[in-house]
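Tertiary structure, described
If you want the building blocks of each chain, they are given just below.
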Amino acid sequence: MKEQLEEIVKNSINLDSIDFNELIQFMLKNIGNPDGYLRDNLIYRGFCELILNGKFTEEQLVTILKTCLDDEHLYLNITDYGISDDVFMRSFSALVITLILGKDREKRSLPEELIIEVIHRSIHYLFLESDYRGFVNTKGWAHGVAHGSDLLTEAIRHPLMMDSQLLWNALQSLKSCLHTEYALIDEEEERMLPVIDALLDKGLTDEQLVTWLKELHYIEIEDWHKKYRYEWNVKKFEAALLRHLLKSTKCTKTTNWIVYESPAVV
């Protein structure tokens, strides 16, 4: 199977010779393999190649989506709140779901009930994820916050994302990632910016964004070091958001608040 995947990512194999059902089972089983080469270079890139180029049937896409969404993949041991290799299964399942959501946004071929479930679980994922590691030595990228942000962006962009309460919940899920004592150092804030753009496109107002930013600075924690880490994450995100907003003419109230009123030093 590894050899097949290597040929797939190189575009040097006749796809007619592949048993896709067997390949899918292998890929789903190893989607979170701690071996970075197998996970990143073969499994994920293989999914990119095959999903984006329409090589899977609708039935196969549904199988992949339901599997990646379940408690043994996107939510694998997510409530254990510990550091483990399980994060690779969760975060790379999130990336594959992102691919399928993006494809369905264009084609609208998958069952609506399933897509709505995906949207809800995509928002809830970042609330629950507590392994915030970015790059893990010898094992490669875990990047749960970044991958979860990619997934959240695509969920918001989907036409079936129409509930205004869900849009606000999406903002709160980002807040949960910033309000952590783990210092986010692998440019997670840059991956959060498309979430903001997607929310603005769906109707989030300048005033609502300012209100949310103000909430980020309400940190009622007595432990000074934990509070310092929260503030560090918020400052980094706010600085990235300011640079992003200055490139456009939208959200002038938010931009002015960050520049003139925010407690953060940006």
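To start, this report covers the structure provided alongside it. (Residues numbered from 1 in each chain as written. Predicted model: local features only at pLDDT ≥ 70, side-chain atom pairs only at ≥ 80, totals over all residues. Heavy atoms only, no water.)

**Digging into the overall build of the protein**
The helix and strand inventory of the protein stands at 12 helices and two strands. Element order for the protein, N to C, with α for helix and β for strand: α-α-α-α-α-α-β-β-α-α-α-α-α-α. What you see for the protein is a C-alpha radius of gyration of 19 Å, in line with the 18 Å of a compact globule of 266 residues. Overall, the protein is about 60 × 40 × 30 Å in size when its C-alpha atoms are taken along their principal axes. Buried residues in the protein amount to 52% of all 266 residues. Intrachain contacts of the protein at a sequence separation of at least 6 include 74% that bridge at least 24 residues. As displayed, the protein offers around 12600 Å² of accessible surface, 48% of which is attributable to carbon and sulfur atoms. Measuring between centres, the 29 positive side-chain charges of the protein sit 4 Å from its 44 negative side-chain charges. (Helix = DSSP H or I, 4+ residues; strand = E, 2+ residues; numbered from the N terminus. Rg over C-alpha atoms; globule rule 2.2 N^0.38 Å. Buried < 20%, exposed > 50% of the residue type's maximum accessible area, 1.4 Å probe, protein only. Contact = heavy atoms within 4.5 Å. Areas by Shrake-Rupley, 256 points an atom, 1.4 Å probe, with all protein chains shown as cover. Lys, Arg positive; Asp, Glu negative; His and termini not counted. Charge placed at Lys NZ, Arg CZ, Asp CG, Glu CD.)

**Overview of the environment of I258**
With respect to the helices and strands, the residue I258 is situated in helix α12 (residues 252-260). By relative accessible area, I258 is classed as buried at 1%. Sequence spacing of I258 and G134 is 124 residues, and the spatial spacing of their C-alpha atoms is 27 Å.

**What about the pattern of salt bridges?**
Tallied over the entire structure, the rule returns 14 salt bridges. The salt bridge involving D131 is made with R133; its shortest N-O contact spans 2.8 Å. Each member of the pair, D131 together with R133, is buried. (Salt bridge = Lys/Arg side-chain N within 4 Å of Asp/Glu carboxyl O.)

**Regarding unusual backbone geometry**
Positive phi, close to 50 degrees, is recorded for Y81, a residue that is not glycine. For C251, which is not glycine, the phi dihedral falls at a positive 60 degrees. Relative to the elements of secondary structure, C251 occurs in the loop between α11 (224-246) and α12.

**Concerning the nonpolar core**
The biggest cluster of nonpolar side chains holds 88 residues, and the ones touching the most others in it are F47, W212 and F237. With 11 residues, helix α5 (residues 86-107) is the single largest residue contributor to this core. Setting aside its immediate chain neighbours within four residues, W212 contacts W168, L171, Q172, L174, K175, L178, I196 and F237. (Core = buried A, V, L, I, M, F, W, Y, C linked by side-chain atoms within 4.5 Å.)

**Regarding the packing of α11 against α12**
In contact at an axis separation of 10 Å, α11 and α12 are set at 135 degrees when each is read in the N-to-C sense. Our classification of the angle between α11 and α12 gives oblique. The hand of the α11/α12 crossing is left-handed. When α11 is examined against α12, the residues E238, L241, L242, L245 and L246 are found in contact with a partner set consisting of T254, T255, W257, I258 and V259. (Axes fitted to C-alpha atoms, helices over the stretch in contact; angles between N-to-C directions. Parallel < 35°, antiparallel > 145°, perpendicular 65-115°, else oblique. Left-handed = near helix turned anticlockwise from the far one by under 90°.)

**Concerning the side chain of S173**
Along the chain, S173 turns up in helix α8 (residues 164-178). On the basis of relative accessibility, which here comes to 0%, the residue S173 falls in the buried class. Here S173 is in contact with I123, L126, F127 and L152, once residues within four sequence places are set aside.

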